[in-house]
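Chain and residue survey
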Amino acid sequence: MELKDLKPAAGSRHAKKRVGRGIGSGLGKTSGRGMNGQMSRAGGGKRAGFEGGQTPLARRLPKLPGFNNINRVEYVPVNVSRLEEKYKAGETVDIDSLVKYGIIKNTNAVVKVLGNGDIKKKLTVKVDKVSASAQKKIEAAGGKVEEPC
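These numbers come from a predicted model, not from an experiment.

Right, let's talk about the sheet that holds strand E1 (residues 75-79) for a bit. If you walk across this open sheet you meet the 3 strands as E1-E3-E5, and the pairing is parallel. Only two strands of the sheet have a single neighbouring strand rather than two, namely E1 and strand E5 (129-130). As defined by bridge partners, strand E3 (residues 110-114) adjoins E5 across 2 bridges and the pair is classed as parallel. Its bridge partner lying in E5, Val113 is registered against Val130.

A few words on the side chain of Thr124. As for its position among the elements, Thr124 is in strand E4 (residues 124-125). Here Thr124 falls in the buried class, since its relative accessible area comes to 16%. Leave out the neighbours within four places in its chain, and Thr124 touches Glu91, Thr92, Val93, Lys144 and Glu146.

Among the structural elements, Ile104 can be located in the loop between helix H3 (95-100) and E3. With a relative accessible area of 6%, Ile104 lands in the buried category. Distance from Ile104 to Val78, taken between C-alpha atoms, is 8.3 Å for residues 26 residues apart in sequence. Residues in contact with Ile104, not counting those within four places in the same chain, are Val76, Val78, Ile95, Leu98, Val99, Ala109 and Val111.

Let us look at the environment of Tyr101. Residue placement: Tyr101 occurs in the loop between H3 and E3. Between the C-alpha atoms of Tyr101 and Tyr87, which are 14 residues apart in sequence, the distance is 8.3 Å. If sequence neighbours within four positions are ignored, Tyr101 has contacts with Lys86, Tyr87 and Glu91. Of the polar contacts made by the side chain of Tyr101, one reaches the side chain of Glu91; its length is 2.7 Å.

Applying the stated criterion across every chain yields a total of 6 salt bridges. One salt bridge connects Glu51 with Arg60, and the closest N-O pair in it is separated by 3.1 Å. Since its relative accessible area comes to 44%, Arg60 is described here as partly exposed. Between Glu74 and Arg72 there is a salt bridge, with its nearest N and O atoms 3.0 Å apart. The class of Arg72 is exposed, set by a relative accessible area of 59%. If you follow the salt bridges from partner to partner, you end up with Lys126, Lys144 and Glu146 in one network.

Moving on: the sheet that holds strand E6 (residues 144-145). Spatially, 3 strands are ordered E2-E4-E6 in an open sheet, and the strand pairing comes out parallel. Across the chains shown, the open sheet's two edge strands, defined by having one partner strand only, are strand E2 (92-93) and E6. Bridging between E4 and E6 involves 2 bridges; their strand directions are parallel. Bridge assignment links Val125 to a residue of E6, and that residue is Val145.

What counts, and at which threshold
Residues numbered from 1 in each chain as written. Predicted model: local features only at pLDDT ≥ 70, side-chain atom pairs only at ≥ 80, totals over all residues. Heavy atoms only, no water. Pairing = 2+ DSSP bridges. Helix = DSSP H or I, 4+ residues; strand = E, 2+ residues; numbered from the N terminus. Buried < 20%, exposed > 50% of the residue type's maximum accessible area, 1.4 Å probe, protein only. Contact = heavy atoms within 4.5 Å. Polar contact = N/O pair within 3.5 Å; in protein donor to acceptor, adjacent residues only side chain to side chain. Salt bridge = Lys/Arg side-chain N within 4 Å of Asp/Glu carboxyl O.

Spatial relationships are all this shows, so hold off on functional conclusions.
Spelled out as structure tokens, the structure:
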């Protein structure tokens, strides 16, 4: 056997459709396009999404409301109950210690302490923001809230 003798398996290849090559071919005269009409013309047909002249679905549906505020600050919430369970009395709560105790994941986070739960330990809190209820609970326990809050 030689390279020139190789042939594809029987039935695996189909002959190309030769339209417009006479009546005997079965695809002569109108070349399988039927008689008259939009689809029989060169370049004929309708574009995708065309609905016969009625307003297309893409234009009937409303645009999405609202917008994304580029100045939005996303705070990582930390509750005082979490501080109570992780910290010892007299410690300072800051970004580095929050990462060390595994409360937040990275040091670039913007943290806000919230007032959910109770706190009995005296802590010094130095984070980006502290809610009014959290500040009240921290100060009631003998701790203090310092700037940059």
